[in-house]
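An overview of the molecular structure
Now for the letters of each chain:
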Amino acid sequence: MEEYKNTLFEYEPTEGLKSLRNTLKLLFEDDGVYTTADRIVITNGAQQAIKLVLQYLFNNNKGKLLVEVSTYKLVLDLADHLDIELEGIERRIDGFDYSKLELLLKLGEISAFYIMPRHHNPTGYCLSEKAKQKVAELCCKYNVLIIEDDYLADLGSRKGAMPIHYYNMSKNTVYIRSFSKSFMPGARIGAAVLPKSIVDGVLSLKYISDLNTSKILQAALDSFIKSGTYEKHIKN
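Residues numbered from 1 in each chain as written. Predicted model: local features only at pLDDT ≥ 70, side-chain atom pairs only at ≥ 80, totals over all residues. Heavy atoms only, no water.

1. Points about the pairing of strand β3 (residues 85–90)
Alignment of strand β2 (residues 64–69) against β3, held across six bridges, turns out to be parallel. For Leu65, the partnering residue across the bridge sits in β3 and is Leu86. (Pairing = 2+ DSSP bridges. Helix = DSSP H or I, 4+ residues; strand = E, 2+ residues; numbered from the N terminus.)

Below you can see the structure in the form of structure tokens.
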């Protein structure tokens, strides 16, 4: 409150607090997610980020959403609510059957692949670096958007583990991060790194959904990270 004075209680741009987006740009770079601040959108938790992206992509029911079997239940509920047709591929301890994955992508019916490469929910499995490269390569080859849910990145990542976003040279990846688990669940703060081609569309949907995410919570998280307290908190 001392830093922002009266502006803390005003409306914030739909994409989020500029200072926080610049802070997250640097934080994400440490984890192999290279982007610009204008492609980062702050959301009310990772859940809203997933919903907005699915809404935008499947607004006219174009194509299918590929999901892991098993996967995050609320994504299945969202797909049902938005009338999105699903296709599934088994998530195993060693990743996927990549011949089957390529066949599914090659058919041309898959528009996006929702995937949790690290600390998968509910199995807990993590993809190897080679597996993540393979997924990025296949999705790039068949022009399929990757929706990467990296919700536990801060709490469980192994040293040297990179996100799929790092390996996707075409930058056709939506990278989603949650701060609810690491900062505080009640804060409901998430962030999405979006491909340039969908930023405006997703922001339009967010604007009519909630105008903006709470500036007070964004400012708190920004100060928490900048002060070095967030890093100490994560280590604890």
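2. A short note on the packing of aromatic side chains
Two aromatic rings, taken as a pair, are described by how far apart their centres are and by the angle between their planes. For the structure shown, the criterion picks out eight aromatic pairs. Consider the rings of Phe96 and Phe113, whose centres lie 5.9 Å apart with planes at 65 degrees: the pair is edge-to-face. Residue Phe96 is found in the loop between β3 and α4 (98–106), and its partner Phe113 is found in strand β4 (residues 110–115); the two are separated by 17 residues along the sequence. Its relative accessible area of 2% is what places Phe96 among the buried residues. (Phe/Tyr/Trp six-rings, centres within 6.5 Å; stacked < 30°, edge-to-face > 60°. Buried < 20%, exposed > 50% of the residue type's maximum accessible area, 1.4 Å probe, protein only.)

3. Examining unusual backbone geometry
Note that the residue after Val69, namely Ser70, is joined by a cis bond; omega there is 10 degrees. Of note, Ser70 is situated in the loop between β2 and α3 (73–81). In the segment running from Asn121 into Pro122, the intervening peptide bond is cis, with an omega of 20 degrees. Inspection of the secondary structure puts Pro122 in the loop between β4 and α5 (129–141). Within the chain, Asp83 stands out as a residue other than glycine whose phi angle is a positive 60 degrees. Look at Asp83 and you get exposed, because its relative accessible area is 56%. For Arg188, which is not glycine, the phi torsion reads 50 degrees and is therefore positive. Tracing the chain through its elements places Arg188 in the loop between β6 (173–178) and β7 (190–193).

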